[in-house]
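In case you want the letters, here they are:
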Amino acid sequence: MPTGQIYPLFQSDDLAQPQTQSSLNPTYRFLHDRIQQAAYSLIPDAQKQNTHYQIGQLLKARILDNGLESRIFELLSHLNIGVDQIVDCNQKKELAQLNLVAGRKAKASAAYAPALKYCRMAIGLLTSQSWETDYQFTLSLYELAAESAYACGRDDLLEQYAEAALSHTIDDLDRLSIYEIKIQAYTVQDHFSNALETGKQALQRWGIAFPEEISLAVIRQELKEIQSSLEVFTFKDLESLPQMRGAYPLASMRLLSSIIGPAYISEPLLFPLIVLRMLRLSLEHVNAASSPYAYACYGTMLVSVANSTEKLDQIGELALNLLENFSDRAAEVRTKLIVGSHISHWKFHISRSLSLVQESYQIAANCGDLEFMGYSAQIICFKRYFMGQCLTELEPDFRAYCQTLQKYSQFTALRYCQIYLQAVLNLLGSTSEPAVLTGEALKEQETLSLLTAAKDGTGLYHFYCNKLVLCYLFGYFKEAIAIAQKAKIYEDSMAGMFTIPTVCFYESLALLADYAPSSPDSAERLQQIDSNRAALKAWAQGSPSNHQHRFDLVEAEYYRVFEQPYRALEQYDCAIAGAKENRYCQEEALANELAAKFYLNRGKEKVAAGYLQEAYYGYAHWGAKAKTNALETRYPELLRPILQATAASTSVLDTLMSFSTPSISAEAGRSSSSSTGLNRSLDLAAVLKASQSLSGTIHLDELLHQLTQIILQNSGGDRCALILPDASG
């Protein structure tokens, strides 16, 4: 049947000019797929290849040159089936070129399996002399084939194509793309040492070498030299430096950039040296597309090596501004990721930079940078988790990231995301042992073995950080202290990350919860507590929106332990207010819980009950069912009003609890919940007051007035509006 509206013209006798008919091209399709299949089955098998070949030739003759790419897949669906009909070498070369065009188009759409299929077809059409007779085309084809094989997880084909290309390339610069692909593949396979060795061997050919033994003294000496060179420039001067032109310095910058990831993960002492070499090249040969990434990593390095957060925001701004001088999507992905994950939070609220990391993820996905798409995904997971976003919303989102990373064989980042997904599942109550990271997404011992075998310091730190938080929240203080010590072994592999202060915070709370003056190691523990307090104080001064409430809570626990009750209760209230103001709902709940314990231990049960009920509401708002269950089990008497209200089945309370808490934008750093009832956001007194209003009011206007007044009093809002549908709905 025809697919357009021009076919009636061919039934008319009024076609005045023959060229008019030839300029029209009516198209047809089968009425149903089954009819097409039936017609196709009538073609003898021996003739099918030739039929496809003939159709392909006719189609190619009718397609104009400028329309070839738009119909390339349709064309090759015939020509590739009829490939055995081609005997002429020039025709084979032409078909190979068409397959390369199709492969590039498929890769641009992230269709890596079809891209690999087209590349394999093209490679099969090459002659043994192709490297000599058509070098550039053959090199481009093998580069695309290796990259597609990497994206599809076909390590066997990647190795085959990469080695073939490396053995035939004429110039070191021609090997650059193959080196980059091999480094990426080794990294996502957890073969970090192979990735680094590949990069270092290539860099040696261009005169860049690293010492066999790297010490902090060596790093600090090189850092001092770079800082001395940087002192002569203002930040504006660095932004306005001209662009690098030399082929070998540019290639060196790209290759150094490609090994930053595996060095950061597994060889943290090598990481700063790589960054410093990139900065040296940027200052000696002026800026390259990788320079913004180098400056962002330099900011990260300052935190770990120089223990300095001064000027970090200016360095981050410099890196982002430099991006405007280059149209390089890979550099944009890397730079925005580092600024968003390693720099911004040392001055600004952690939510502020979430959009940067989300941009990095989207750009990486669009341009096929799978390695950094994976890194961006796991940074998004840990940011949203530690921001205190609603766990019931995080769970499906984290699953989606895991599925995407599994699809593209990004196993390193996948494992990190699975750690956070399992932590979320534990808190949601899906496991019987909430402090053990074993469940649907993860097996604790298996994951530890894999991370240890791969020497994945970053992964081990993520694991121990999550394990520490869970152990502390569920009262396993001794285990939490031991876990914190294990995490700190790998601290260098988390340079600049928000997890560093998080481990310090929860370790401090665990040490104070388990502190006993008579213990043999009490002096050592107190020294560690004081060291942590000093660090938290410094971080709170630099970024109060992230760390002031944490410092206040540790101070409250410190004063509790050392019998300074008035200072303790003041610090508890400061911690609660600070966490609430900065939208850390899980840490607001924790501060309320610890304040409740403080008052309970001093025999003030009524005061303790108020704080504990606030803690319960906070954990419920977060979605931590496992934690609310634990509180119900441990403090049934103090939570009796809540538990009784929950169990009550009066129509008034059922009506009140059916209202949902309004959703808050994730970009603003606030969690949201579509199922959290008023019992999680209003206190019991507000519910009872509303109940009295409902039972004592008959007139609708008066009822609405009283209810809006109650909502305003208990929500802290300035005004309240009632929106009703009009006649049209």
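Residues numbered from 1 in each chain as written. Predicted model: local features only at pLDDT ≥ 70, side-chain atom pairs only at ≥ 80, totals over all residues. Heavy atoms only, no water.

## Some thoughts on the overall build of the protein chain
Secondary structure summary: the protein chain contains 37 helices and zero strands in total. Relative to its full complement of 729 residues, the protein chain shows a buried share of 51%. Considering only residue pairs separated by 6 or more positions, the protein chain has 66% of its internal contacts joining residues 24 or more positions apart. Summing over all exposed atoms, the protein chain offers an accessible surface of approximately 34,200 Å²; the carbon and sulfur share of this is 51%. (Helix = DSSP H or I, 4+ residues; strand = E, 2+ residues; numbered from the N terminus. Buried < 20%, exposed > 50% of the residue type's maximum accessible area, 1.4 Å probe, protein only. Contact = heavy atoms within 4.5 Å. Areas by Shrake-Rupley, 256 points an atom, 1.4 Å probe, with all protein chains shown as cover.)

## Describing the pattern of salt bridges
Under the definition given, this model contains 32 salt bridges. For E395, the salt bridge is made with R399, and the minimal N-O distance between the two is 2.4 Å. Of the two residues, E395 and R399 both sit in helix α22 (residues 391-407), four residues apart, roughly one turn of that helix. Ionic pairing is found between E444 and K467, a salt bridge with its closest N-O pair at 3.0 Å. In this pair, E444 is assigned in helix α24 (residues 444-453) and K467 in helix α25 (residues 457-473), connecting sequence segments 23 residues apart. With respect to burial, E444 and K467 carry one shared label: buried. Put simply, K478, D514, D521 and R525 are held in one network by salt bridges that share partners. (Salt bridge = Lys/Arg side-chain N within 4 Å of Asp/Glu carboxyl O.)

## As for the confidence of the model for the protein chain
The share of residues in the protein chain with pLDDT of 70 or more is 84%, and the mean pLDDT across the chain is 87. In the model, residues 15-23 has pLDDT below 50 throughout and makes three contacts with residues more than four positions away in sequence or in other chains. Low pLDDT (under 50) marks residues 649-682, which in the prediction has 60 contacts with non-local residues, meaning those over four places away or in another chain. (pLDDT = per-residue confidence, 0-100.)

## Description of the packing of aromatic side chains
Counting across every chain of the model gives 29 aromatic pairs. Considering the side-chain rings of Y293 and F372, the 6.1 Å spacing of their centres and the 85° angle between planes classify their relative orientation as edge-to-face. Of this pair, Y293 sits in helix α17 (residues 291-305) while F372 sits in helix α21 (residues 370-386), and the two are 79 residues apart along the sequence. Assessed through its relative accessible area of 2%, Y293 is described here as buried. (Phe/Tyr/Trp six-rings, centres within 6.5 Å; stacked < 30°, edge-to-face > 60°.)

## Some remarks on helix α16 (residues 270-285)
Structural remark: α-helix, 3.6 residues per turn; residues separated by three or four positions point the same way. Over its 16 residues, α16 runs 22 Å from end to end, which matches the ideal 22 Å to within 8%, given 1.5 Å per residue. Among the 16 residues of α16, 13 are classified as buried, and the element is accordingly described as predominantly covered. (Expected span 1.5 Å × (residues − 1).)

## Examining the environment of L427
Along the chain, L427 falls in helix α23 (residues 411-428). Residue classification places L427 among the buried residues on the basis of a relative accessible area of 0%. For the pair L427 and L391, spaced 36 residues apart in sequence, the C-alpha separation works out to 7.9 Å. The contacts of L427, once residues within four sequence positions are left out, are Y385, L391, L470, L473, F474, W622, G623, A624, K625, A626 and K627.

## A few points about the environment of F382
Positionally, F382 belongs in helix α21. According to the relative accessible area criterion, F382 is buried, its value standing at 0%. Residue contacts for F382: discarding those within four places in its chain leaves Y420, H462, M497, F498 and T499.

## Quick look at the packing of α22 against α23
Where α22 contacts α23, the axes come no closer than 9 Å and their chain directions differ by 155°. If you check the angle between α22 and α23, you find them roughly antiparallel. In this structure, the crossing between α22 and α23 has a hand that is left-handed. Residues L391, T392, L394, E395, F398, R399, C402, L405 and Q406 of α22 touch α23, and the partners they reach there are F411, A413, L414, C417, Q418, Y420, L421, V424, L425, L427 and L428. Split by residue class, the contact of α22 with α23 holds 15 nonpolar, three polar and two charged. (Axes fitted to C-alpha atoms, helices over the stretch in contact; angles between N-to-C directions. Parallel < 35°, antiparallel > 145°, perpendicular 65-115°, else oblique. Left-handed = near helix turned anticlockwise from the far one by under 90°. Nonpolar A, V, L, I, M, F, W, Y, C, P; charged D, E, K, R; others polar.)

## Details of the packing of helix α8 (residues 135-151) against helix α9 (residues 155-168)
At a minimum axis separation of 8 Å, α8 and α9 run at an interaxial angle of 155°. Taken as axis vectors, α8 and α9 run roughly antiparallel relative to one another. In this structure, the crossing between α8 and α9 has a hand that is left-handed. The residues of α9 that touch α8, namely those facing Y135, Y142, A145, A146, A149 and Y150, are L157, L158, Y161, A164, A165 and H168. For the contact of α8 with α9, the residue count by class is eleven nonpolar, one polar and no charged.

## Details of unusual backbone geometry
The phi dihedral of K455 is positive, around 55°, even though this residue is not glycine. Mapped onto the elements of the fold, K455 is located in the loop between α24 and α25. Accessibility expressed as a relative area gives 63% for K455, which makes it exposed. Phi at R583 takes a positive value of approximately 65°, unusual for a residue other than glycine. Topologically, R583 is positioned in the loop between α30 (565-581) and α31 (585-601). Its relative accessible area of 24% is what places R583 among the partly exposed residues.

## Focus: a nonpolar patch on the surface
Together, L704, L722 and L724 make up an exposed nonpolar region whose accessible area comes to about 300 Å². Looking at where L704 falls in the secondary structure, it is placed in helix α37 (residues 700-715). Given the relative accessible area of 31%, L704 is considered partly exposed. (Patch = residues over 30% accessible without salt bridge, like charges linked within 9 Å, V, L, I, M, F, W, Y side chains within 5 Å.)

## A few points about the nonpolar core
Counting residues in each nonpolar core, the largest one holds 225 residues, and the members touching the most others are Y385 and L590. Discounting residues that sit within four places of it in the chain, L590 has contacts with Y472, L473, F505, Y506, L509, L553 and Y619. (Core = buried A, V, L, I, M, F, W, Y, C linked by side-chain atoms within 4.5 Å.)

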